[in-house]
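Chain by chain, the residues run as shown.
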Amino acid sequence: RLLSDSILETEEEDDATMREFVGDIRSEAERLQRITEELLQLTKLDGEPPQQSHAVELAPVIEQVTHMLRIQAREHGVSIETELGEACVVPGTEDDLYQILYNLTENAIKYNRFGGQVTVTAYQKGKNICLSVEDTGSGIPDELKERVFEPFFRVDKSRSRELGGVGLGLALVREIVRVHDGSITVQSGSSGGTVFDVVFTQ
């Protein structure tokens, strides 16, 4: 609103400054849209019964998500690798699984280091299907690992603001996983980064 007021109150402004103001307004509008959509999803998950689930093959969903995020990964100087086992089928919906994978993978890209890597892995272990997303970033302090799933919590507030994060993505992931009777944990990776592990029971 302040940016739009500045435009309306300024009688003369050069095109470059005007375009900068409009670009900032658009960025803020997109951020507010993300907040609204994620809050609505969280409210829906908390107040309504889950959608009818069916057997979903994880590999195509992972491939779709990584394909969508490769441009963003290149902009951050991050590579994406996938390790997909056979017969990784979980009960759920494509939309919910896409949301889980998209949020975890996008976070792994945004909070990585330049030249880093994101590894998305899916495999079967007994009756469970395991999904992990690992990055090579700076990691999360042990005392904050459980708090990352709290709505609006951000480990690095200044960087989250810079990258457009508001602290709802992981809260949304946890709720979707919970609705599908799964579990999600976070731990330090072998490279010092972070690994998010999701487990579904077939």
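Above this text sits the structure in question.
Residues numbered from 1 in each chain as written. Predicted model: local features only at pLDDT ≥ 70, side-chain atom pairs only at ≥ 80, totals over all residues. Heavy atoms only, no water.

## Re the overall build of the protein chain
Each helix and strand in the protein chain was counted, giving six helices and seven strands. Counted from the first residue to the last, the protein chain has its helices and strands arranged as α-α-β-α-β-β-α-β-β-α-α-β-β. Taken across its 202 residues, the protein chain has 41% of its residues classed as buried. A sequence separation of at least 24 residues applies to 69% of the contacts in the protein chain between residues at least 6 apart. A total accessible area of about 11,800 Å² is found for the protein chain, and carbon and sulfur atoms account for 49% of it. (Helix = DSSP H or I, 4+ residues; strand = E, 2+ residues; numbered from the N terminus. Buried < 20%, exposed > 50% of the residue type's maximum accessible area, 1.4 Å probe, protein only. Contact = heavy atoms within 4.5 Å. Areas by Shrake-Rupley, 256 points an atom, 1.4 Å probe, with all protein chains shown as cover.)

## Here's the deal with the nonpolar core
Counting 38 residues, the largest nonpolar core has Leu-58, Ile-100, Leu-104 and Phe-196 as the members making the most contacts within it. Counting residues per element, the ones that place at least two in this core are helix H3 (58–75), helix H4 (94–110), strand E4 (117–125), strand E5 (128–135), helix H6 (169–179), strand E6 (183–188) and strand E7 (194–201). The contacts of Phe-196, once residues within four sequence positions are left out, are Leu-104, Leu-131, Ser-132, Val-133, Ile-140, Val-148, Phe-149, Leu-170, Ile-184, Thr-185 and Val-186. (Core = buried A, V, L, I, M, F, W, Y, C linked by side-chain atoms within 4.5 Å.)

## Describing the pairing of strand E3 (residues 89–92)
Of the two faces of E3, the one lined by Val-90 and Gly-92 is fully buried and the one lined by Val-89 and Pro-91 carries no buried residue. Pairing geometry for strand E1 (residues 54–57) and E3, over four bridges, is antiparallel. Bridge pairing in E3 places Val-56 opposite Val-90. (Pairing = 2+ DSSP bridges.)

## Section: H4
Between its first and last C-alpha, H4 extends 24 Å over 17 residues, near the 24 Å set by a 1.5 Å rise per residue. A large share of H4 lies buried, amounting to twelve of its 17 residues. (Expected span 1.5 Å × (residues − 1).)

## Remarks on the packing of aromatic side chains
Aromatic ring pairs are defined here through the distance separating the ring centres and the angle between the ring planes. Counted by the stated rule, this structure contains two aromatic pairs. Ring plane angle 20° and centroid distance 5.8 Å describe the contact between Tyr-98 and Tyr-102, whose orientation is recorded as stacked. Residue Tyr-98 and its partner Tyr-102 are located together in helix H4, separated by four residues, close to a single helical turn. Their ring planes at 85° and their centres at 6.1 Å tell us that Phe-149 and Phe-196 sit as a pair that is edge-to-face. Of this pair, Phe-149 sits in the loop between E5 and helix H5 (157–163) while Phe-196 sits in strand E7, and the two are 47 residues apart along the sequence. Pair check on accessibility: Phe-149 and Phe-196 agree, each one buried. (Phe/Tyr/Trp six-rings, centres within 6.5 Å; stacked < 30°, edge-to-face > 60°.)

## Focus on unusual backbone geometry
Although it is not a glycine, Ala-87 adopts a positive phi angle of roughly 60°. Within the secondary structure, Ala-87 is located in the loop between strand E2 (79–84) and E3. Given a relative accessible area of 48%, Ala-87 falls into the partly exposed group.

## Quick word on the environment of Leu-39
Mapped onto the elements of the fold, Leu-39 is located in helix H2 (residues 15–47). The class of Leu-39 is partly exposed, set by a relative accessible area of 34%. For Leu-39 and Leu-168, which are 129 residues apart along the polypeptide, the C-alpha to C-alpha distance reads 7.6 Å.

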